[in-house]
Amino acid sequence: MPLYQYKAIDASGKFISGSLDAGNVNDLELRLEKMDMDLVTFKQKEHGRDLFGRNKIGRRDLINFSFYLEQLTRAGVPILEGLADLRDGEENPTFRDVITGLIEAIEGGNSFSQALALYPKIFDEVFISLVKVGERSGRMSTVLVDITETLKWQDELISKARKIMMYPAVIGVLVLSVVMFMMIFVVPDIMGAIVALGGEIPLETRALMATSDFLVNFWYVVLAAPFVIYFVITYFYRTSSKARFKLDGVALKLPIIGHVNEKIKISRFTRYFSLMFASGITVLDAISLSKAVVSNSTLEDGIERAWQQISEGSSISEAFKNIGIFPPLVIRMLRVGESSGQMDKSLNNVSYFFDRDINDSIDKLGPTMQTAMMATIGTIVLWLALSVLGPIYDTISTIDF
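Presented here is a report on the structure given in the accompanying data block. Everything quoted here is computed from the prediction, not taken from an experiment.

**Focus: the nonpolar core**
One finds F65, L83, F112, F123, F320 and F326 to be the most contacted residues of the largest nonpolar core, which totals 61 residues. With seven residues, the single largest contributor to this core is helix α4 (residues 93–107). Judged by nonpolar contacts, the second largest core, of ten residues, contains V179, M191, L215 and L384.

Structure follows, in structure tokens:
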């Protein structure tokens, strides 16, 4: 379906520019009429015209979207009117087109969550599931507040993680570049001179020679391997449920970051489980809806098994204890919530503890990464020194002066 860039005028006489998918010009006019706008000018626009991320819909756009929509719904403005106000004030043309599509979908009979589901690349399962919770509980403004706070929290974590990873990443690339240059252009000449000395070549030097020979002959394989591995893993993750399950399990067991990742997902689950439970949704429905927010098939499978045990009569704490995924703190707080009748408060305490622990872990990640990087660089330098200087020293020590 062609994409048209249009300029239209609304009922108040205000000019509005944007872009919209339509079968033809007549279809474009009909779509605009449904939004109380009259077409003035138009031109067909090529899909994918914006390059290098221009007009890309980012997390900041979603934060503003959920924040302003929450303010409008809290003031009693209907969703459709709120979306129309957001569309008129949206500066990002791509996101303005998306909001226009949401309005059309809702006017066509879809719920807000169903309309969001039409744009899975923009609104993920967590976003859609929470909006669905708001629709079922009648607490849309509360859910939108939580979505906004969660998006802000994620944005802060990602910004902090990027700052922490920037220094090790830059240093790592520089060190790797220098090492590859030496292995390809410098080490072969040095190794040739060492072999010419005629002495015994130690193991570390033979390993250096083998590494250098491999990089000289297959340097393109080394450069292409990370990209190939990334695309292969991504392909199987998207197309195979078994591969996704295994990879999600591995992601939770990775050194340092795996533990933090697990806490983030469990914190998210307990926060939204608490929100739904406090909204009056039954435990089984709350667990079923909360399952999607963890975005990890291994954890989802465990939550599904817990759901099955609870539906068969087990207590909530015993069911989650039996699946063996959640840490003791979560089980303990679930048990406290059952005994006190304040499950939502107990789960909120878990979320608070994990959020604080996650921030502390990320703060400690920087020094840990820098220490690991320095240790790696030191090991490489020591290996090069021993491999080159060792045979030379052995040869010199056998010479009689």
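And the narrative resumes.
**A word on the packing of helix α6 (residues 125–137) against helix α7 (residues 140–197)**
The geometry of α6 relative to α7 is characterised by a closest axis approach of 8 Å and an angle of 155° between their N-to-C directions. For the element pair α6 / α7, the angle class is roughly antiparallel. For the crossing formed where α6 meets α7, the hand is right-handed. Taking contact as the criterion, the partners of F127, L130, V131, V133, G134 and E135 in α6 are, on α7, M140, V143, I147 and L151. Across the contact of α6 with α7, the residue classes tally to eight nonpolar, one polar and one charged.

**Thoughts on the packing of aromatic side chains**
Counted by the stated rule, this structure contains 16 aromatic pairs. Note on W219 and Y220: the rings are 5.8 Å apart at their centroids and 85° apart in plane angle, and the pair reads as edge-to-face. By way of ring pairs, the aromatic residues F65, F95, F123 and F127 are connected into one cluster. The aromatic ring of Y237 is capped on one face by R244, whose charged end is 5.7 Å from the ring centroid.

**Re the environment of A372**
Topologically, A372 is positioned in helix α15 (residues 343–397). Residue A372 is classed as partly exposed on the basis of its relative accessible area of 41%. Separated by 204 residues in the primary sequence, A372 and P168 have C-alpha atoms spaced 9.1 Å apart.

Definitions and limits used
- Note that residues are indexed from 1 along each chain, following the sequence as it is written.
- With the structure being a predicted model, the display of local features is reserved for residues of pLDDT at least 70 and the display and counting of side-chain atom pairs for 80 or more, all residues being used for whole-chain, interface and lining totals.
- No hydrogens and no water enter the side-chain calculation; it runs on all heavy atoms of the structure.
- Each nonpolar core is a collection of buried residues, namely Ala, Val, Leu, Ile, Met, Phe, Trp, Tyr and Cys, held together in the definition by side-chain atoms within 4.5 Å.
- Each residue is placed in one exposure class: buried if its accessible area under a 1.4 Å probe, protein chains only, is under 20% of its type's maximum, exposed if it is over 50%, and partly exposed if it falls in between.
- Secondary structure counts use DSSP, requiring at least four H or I residues in a row for a helix and at least two E residues in a row for a strand, with both numbered from the N terminus.
- As a rule, the C-alpha atoms of each element are fitted with a line to give its axis, helices using only the stretch in contact, and angles between N-to-C directions run from 0 to 180 degrees.
- Relative orientations are named as follows: roughly parallel for angles under 35 degrees, roughly antiparallel for angles over 145 degrees, roughly perpendicular for angles from 65 to 115 degrees, and oblique for any other angle.
- Here is the rule for handedness: rotate from the far helix to the near one, and if that takes an anticlockwise turn smaller than a right angle the crossing is left-handed, while a clockwise turn gives right-handed.
- Only heavy atoms matter for contacts: two residues are in contact if any of them lie within 4.5 Å across the pair.
- All residues other than Ala, Val, Leu, Ile, Met, Phe, Trp, Tyr, Cys, Pro, Asp, Glu, Lys and Arg, Gly among them, are scored as polar; the first ten of these are nonpolar and the last four charged.
- The aromatic pairing rule takes the rings of Phe, Tyr and Trp, using the six-membered ring of Trp, and pairs them if the centres are within 6.5 Å, calling planes under 30 degrees apart stacked, those over 60 edge-to-face and the rest tilted.
- Criterion for a charge above a ring: Arg CZ or Lys NZ at most 6 Å from the ring centre, at most 35 degrees from the ring normal.

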